[in-house]
Amino acid sequence: MKLFGTSGIRGFYGTEVNEDLALNVGKAMGTLLDGPVTVGMDSRSSGKGLRHALIAGIISQGNDVYDVGLAPTPTVGIALQSFGCCAGAVITASHNPPEYNGIKVWDQKGVAYHSLEAEIERVIDESSYGPSSWDGQGRILSESASEIHISRIEETISLEHEFRVALDCGCGAGSVVSPYLLERMGMNVVSLNCQPSGRFPRGLEPSCENLSALSHAVRSYDCDIGIAHDGDADRIGAVDEKGEFIDYDVLLALMARYECEQSSSTNPVIVSTVDSSLSLDMYLSDCNASVYRTKVGDVALAQDIVKRDAVFGGEPSGTWIFPSHWLTPDGILAAVKLLSMKDDGYVLAEERENVPSFSTLRKKIPLARIDRDRFRSLLLEELATEEYESLLTIDGIRVEYADAWALYRFSGTEPLFRITVEARSADEARMLMEQATNHVEGVLRKL
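These remarks concern the structure in this document. All values reported here derive from a predicted model rather than from experimental measurement.

### What to know about the overall build of the protein chain
Okay, so step 1: A tally of helices and strands in the protein chain yields 14 helices and 19 strands.
Okay, so step 2: Computed over C-alpha atoms, the radius of gyration of the protein chain comes to 22 Å, within 12% of the 22 Å expected from 2.2 N^0.38 for 447 residues, which places it in the range of a compact globule.
Okay, so step 3: Seen through its C-alpha atoms, the protein chain measures out along the principal axes to roughly 65 × 60 × 45 Å.
Okay, so step 4: Taken across its 447 residues, the protein chain has 60% of its residues classed as buried.

### Quick word on the packing of helix H13 (residues 372-383) against helix H14 (residues 426-446)
Okay, so step 1: Contact pair H13 / H14: the axes reach a minimum separation of 9 Å and the direction vectors enclose 130°. As far as their axial angle goes, H14 and H13 are oblique. Here H13 runs over H14; the crossing is right-handed. Judged by residue contacts, Phe375, Leu378, Leu379, Glu382 and Leu383 of H13 engage His439, Val440, Gly442, Val443, Leu444 and Lys446 from H14.
Okay, so step 2: In terms of residue class, the contact of H13 with H14 is made up of 7 nonpolar, 2 polar and 2 charged.

### Describing unusual backbone geometry
Okay, so step 1: Here Asp222, not a glycine, exhibits a phi torsion of approximately 55°, which is positive.
Okay, so step 2: Among the structural elements, Asp222 can be located in the loop between helix H7 (212-220) and strand E9 (225-229).
Okay, so step 3: For Ala233, which is not glycine, the phi torsion reads 65° and is therefore positive.
Okay, so step 4: Positionally, Ala233 belongs in the loop between E9 and strand E10 (236-239).
Okay, so step 5: The class for Ala233 is buried, based on a relative accessible area of 0%.

### Side note on the sheet that holds strand E4 (residues 87-91)
Okay, so step 1: The 6 strands lie next to each other as E1-E5-E4-E2-E3-E6, forming an open sheet whose pairing is mixed. Each edge of the sheet is formed by a strand with only one pairing partner; in this case those strands are strand E1 (9-12) and strand E6 (140-142). The mean angle between the axes of side-by-side strands here comes to 20°, regardless of whether they run parallel or antiparallel.

### Some thoughts on the pairing of strand E8 (residues 188-192)
Okay, so step 1: Two elements, strand E7 (residues 164-168) and E8, share 5 bridges in a ladder whose sense is parallel. By the bridge assignment for E8, Asp168 is matched with Leu192.
Okay, so step 2: Where the polypeptide runs from E7 across helix H6 (residues 178-184) and back to E8, its parallel neighbour, the crossover connection is right-handed.

### Describing the sheet that holds strand E15 (residues 359-366)
What links the strands of a sheet is backbone hydrogen bonding, and the strands pair in either a parallel or an antiparallel sense.
Okay, so step 1: What the 5 strands build is an open sheet, ordered E15-E19-E18-E17-E16; its pairing is antiparallel. Bordering the open sheet on either side are E15 and strand E16 (390-392), each of which pairs with just one other strand. Pairwise comparison of adjacent strand axes, ignoring direction, gives a mean angle of 15° for this sheet.
Okay, so step 2: Sheet topology places strand E17 (residues 397-401) next to strand E18 (residues 404-410); 5 bridges connect them, and they run antiparallel. From the neighbouring strand, Arg398 faces E18, where its bridge partner is Leu407.
Okay, so step 3: Packed onto the sheet, H14 meets E15, E17, E18 and strand E19 (416-423) and runs at close to 150° relative to E19.

### Some details on the pattern of salt bridges
Okay, so step 1: Considering all chains together, one arrives at 23 salt bridges under this definition.
Okay, so step 2: Among the ionic pairs, Asp298 bridges to Lys104, the shortest N-O distance being 2.6 Å. Pair noted here: Asp298 is in helix H10 (residues 298-308) and Lys104 is in strand E5 (residues 100-107), with a separation of 194 residues, a long-range link. Across the pair, Lys104 and Asp298 agree in class, each one buried.
Okay, so step 3: For the salt bridge of Arg430 with Asp427, the shortest nitrogen-to-oxygen distance reads 2.1 Å. Note that Arg430 and Asp427 are positioned in helix H14 at a spacing of 3 residues, about one turn of the helix.
Okay, so step 4: Its relative accessible area of 47% is what places Asp427 among the partly exposed residues.

### Let's talk about empty space enclosed by the protein
Okay, so step 1: The tally for this structure, following the rule as stated, stands at 1 cavity of 30 Å³ or more.
Okay, so step 2: Residue lining of the largest cavity: Ser7, Arg10, Thr92, Ala93, Ser94, Lys104, Asp232 and Asp234, and that is the complete set.

### Here's the deal with the nonpolar core
Okay, so step 1: Membership of the largest hydrophobic core comes to 66 residues, with the highest contact counts inside it found for Phe312, Trp320 and Leu338.
Okay, so step 2: No other element matches the 9 residues that helix H8 (residues 248-262) contributes to this core.
Okay, so step 3: Among the nonpolar cores identified, the runner-up in size contains 31 residues, and Ile9, Leu21, Val105 and Val123 belong to it.

### Overview of the side chain of Arg293
Okay, so step 1: Note that Arg293 resides in strand E12 (residues 290-294).
Okay, so step 2: Using a relative accessible area of 16% as the deciding quantity, one classes Arg293 as buried.
Okay, so step 3: At a separation of 3.0 Å, a polar atom in the side chain of Arg293 contacts the main-chain carbonyl oxygen of Ser277.

### A word on helix H11 (residues 331-343)
Okay, so step 1: Taking 1.5 Å of rise per residue, 13 residues should cover 18 Å, and H11 covers 18 Å from first to last C-alpha, within 8% of that figure.
Okay, so step 2: Most of H11 is tucked away, with 13 of its 13 residues classed as buried.
Okay, so step 3: The distance from a side-chain oxygen at the start of H11 to the backbone nitrogen of Ile332 is 2.9 Å, and the residue carrying that oxygen is Asp330.
Okay, so step 4: Just downstream of H11, Gly345 is the residue with a positive phi angle, here 105°.

### Focus: H8
Each α-helix winds once per 3.6 residues, and so residues spaced three or four apart point in a common direction.
Okay, so step 1: The first and last C-alpha atoms of H8 sit 21 Å apart over 15 residues, in line with the 21 Å expected at 1.5 Å per residue.
Okay, so step 2: For H8, a buried count of 13 out of 15 residues is recorded, marking the element as mostly surrounded by other parts of the structure.
Okay, so step 3: If you check the start of H8, you find a side-chain oxygen 3.1 Å away from the backbone N of Asp249, and it comes from Asp247.

Criteria and thresholds
Residues numbered from 1 in each chain as written. Predicted model: local features only at pLDDT ≥ 70, side-chain atom pairs only at ≥ 80, totals over all residues. Heavy atoms only, no water. Helix = DSSP H or I, 4+ residues; strand = E, 2+ residues; numbered from the N terminus. Rg over C-alpha atoms; globule rule 2.2 N^0.38 Å. Buried < 20%, exposed > 50% of the residue type's maximum accessible area, 1.4 Å probe, protein only. Axes fitted to C-alpha atoms, helices over the stretch in contact; angles between N-to-C directions. Parallel < 35°, antiparallel > 145°, perpendicular 65-115°, else oblique. Left-handed = near helix turned anticlockwise from the far one by under 90°. Contact = heavy atoms within 4.5 Å. Nonpolar A, V, L, I, M, F, W, Y, C, P; charged D, E, K, R; others polar. Pairing = 2+ DSSP bridges. Right-handed = clockwise from strand over helix to strand, strands pointing away. Salt bridge = Lys/Arg side-chain N within 4 Å of Asp/Glu carboxyl O. 1 Å grid on protein atoms, 1.4 Å probe; cavity = no way out; pocket = protein on both sides within 12 Å on 5 of 7 lines; lining within 4 Å. Points joined across faces, edges and corners; volume = space filled by probe spheres on them. Core = buried A, V, L, I, M, F, W, Y, C linked by side-chain atoms within 4.5 Å. Polar contact = N/O pair within 3.5 Å; in protein donor to acceptor, adjacent residues only side chain to side chain. Expected span 1.5 Å × (residues − 1).

Structure follows, in structure tokens:
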């Protein structure tokens, strides 16, 4: 049984993810854990039933639950540490469309609980839950977590200047924290979609195509910056002073450099993922920084940050981790960090021009049931006919050429195969994508 992908359990509500599954996950967590658990959810309309089912499963095994209700994913990760919990769980599907939902579990440090995932799957598969008794039920402790998250950020960051901020929470869970935090920090907030209605007026991914209203708001209200969250506010998107969307890879590079500059390390380490741009390495080349790449997903990102004692880690999806604060991916903290950059004099519309430019193309190929090991083996045979500089196989296959690369990998959250290519020019990127697509199609014909 395989339930967990690169970012928890995700699937269509009612069929792949339902209350029966949530109950069983809760029972498995209660069986495996010895201590209280914090539980929250994002704003999806299907979240309440799943949350109650998950809580029922946990308390049936004698574990107490701190129920924080509607809360951003990072808020749950931070609050569980304040409550002294041994784990946490969030009902969320992050940036996936509203028909999806899921479950993500956290360890006592607010890091995605990768080791527990396999054990949960085993217990569910074997139905080896612990016994339940009428006099051994855990308690449900209703708590508010928003103030904990807000206070933790206020304790560590202060801003001298007042900025006008256009904020688009996408009607997601960030609506209950982000606007209030920014106002308390002295910002003039222009709010868009900051009501957690469970109905999403824009695509939940904070991407260029979904943030046209945010760009318009920045221009119309003369804002200093535009900030957007996904459904559970663990990610961030941004619009500069001119109302122009900042590409994820560019935004990642800007923040990585800022964190290097803020660090006391003479050789700061940055961790990113196999799908990140070469622009990151080139932009940091004069910072004496070392860039390492790891598997896609915040679990691997957090683990590598700890392993390498990195000052910052981020994915080009807008997921960022600031280890000097906590290891939970936090789009709300990331928003404040961007304002700190501006507070220190950065003009994003100008500084983004210093990030080396590459052309990136992405393609999704629906591939549900397929022998992945056989597919990978055949793809490596196809790639053996090419000339390249290096091959990175820690997550999918990243083929590196001179000033270009192609990444082949299965999605960890959807039944898709992804091809990502990057090159110096649009024409080179199109040629590389055509070449990569031909490789994949050639493999599929052999299966």
